[in-house]
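# Commentary on secondary and tertiary structure
Listed here are the chains, written in short residue letters.
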Amino acid sequence: MKIFLSLAVAAFILADAPVLEANKTYTPLPSIVLKAKTVFIENGTGDATLHDLVYLEIARWGRFRMAESREKADVILAISGASSVRLVEASESSPGYLARMYADTLAQPTVPAGFTRISVVDPKSGKALWFSQKKTDLSKSRTGFLDGLRDAMDQQESAHKQK
C-alpha cells in the first residue's frame, strides 16, 4: 500500500511540474535592471560561441539595444564559466572595472565545470544585480541563458500593472 501511495504522489508531482514552474516566484529585481534600455555583453570565458548565443537571445527578446561599450550601457551582461579568469586582488595597476566587477563574486562559489553564469552588473558600481547559472549545452541553438531574467522581469512588471 505504501508503494502504491508513493507512486501515486510521484505521478501527481511529475504531471503537475509545468504548473509548479508557472507559479515560480522570483526575488524582486533592482529598478536599474527594470529601467535598462541598453546592454553590453562582457565575455569572461574566452569562448566566442557563448557571446554569440547570448547576443542572439538578446536580439530575439527585443527588450534591450546593444551598447557599443560598457560605458554607454545601462547594464552589463557578464558571462563567466569554470575557466573564467578571476582577479584575486585589486591594485592600482589592475583595470578598475574588472576589479570592481569580480570583487563581490570572489566570495561566491566558483562556476562548476559544464556550467555558465550570466550576471547582470551595474556598470557604475560593478556590483552584480542578478545572476543565473545554467548547464552549458552548445549543441542547442538556443540555450535559455536569459530565461530566468526574462521571467523575473515579466513577473515583476505584471504584478506592478495589477496594482
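Just so it is clear, the structure is predicted and the values come from calculations on it, not from any experiment. (Residues numbered from 1 in each chain as written. Predicted model: local features only at pLDDT ≥ 70, side-chain atom pairs only at ≥ 80, totals over all residues. Heavy atoms only, no water.)

## What to know about the packing of aromatic side chains
Between two aromatic rings, the relevant description is the distance of the centres plus the angle of the planes. Enumeration over the complete set of coordinates arrives at one aromatic pair. Between Trp 61 and Phe 64, the ring centres sit 5.4 Å apart and the planes meet at 90°, which makes this aromatic pair edge-to-face. With relative accessibility at 10%, the residue Phe 64 sits in the buried group. (Phe/Tyr/Trp six-rings, centres within 6.5 Å; stacked < 30°, edge-to-face > 60°. Buried < 20%, exposed > 50% of the residue type's maximum accessible area, 1.4 Å probe, protein only.)

## Focus: the pattern of salt bridges
For the structure on display, the rule yields five salt bridges. The closest approach of N and O atoms between Glu 157 and Arg 63, which form a salt bridge, is 2.7 Å. In this pair, Glu 157 is assigned in helix H6 (residues 147-162) and Arg 63 in the loop between helix H4 (48-61) and strand E2 (65-66), connecting sequence segments 94 residues apart. The exposure class of Glu 157 is partly exposed, given its relative accessible area of 25%. A relative accessible area of 22% places Arg 63 in the partly exposed class. Notably, a salt bridge pairs Arg 150 with Asp 147, separated by 2.5 Å at the nearest N-O pair. Of the two residues, Arg 150 and Asp 147 both sit in helix H6, three residues apart, roughly one turn of that helix. By relative accessible area, which is 16% here, Arg 150 ends up buried. The class of Asp 147 is partly exposed, set by a relative accessible area of 22%. Put simply, Glu 57, Asp 147 and Arg 150 are held in one network by salt bridges that share partners. (Salt bridge = Lys/Arg side-chain N within 4 Å of Asp/Glu carboxyl O. Helix = DSSP H or I, 4+ residues; strand = E, 2+ residues; numbered from the N terminus.)

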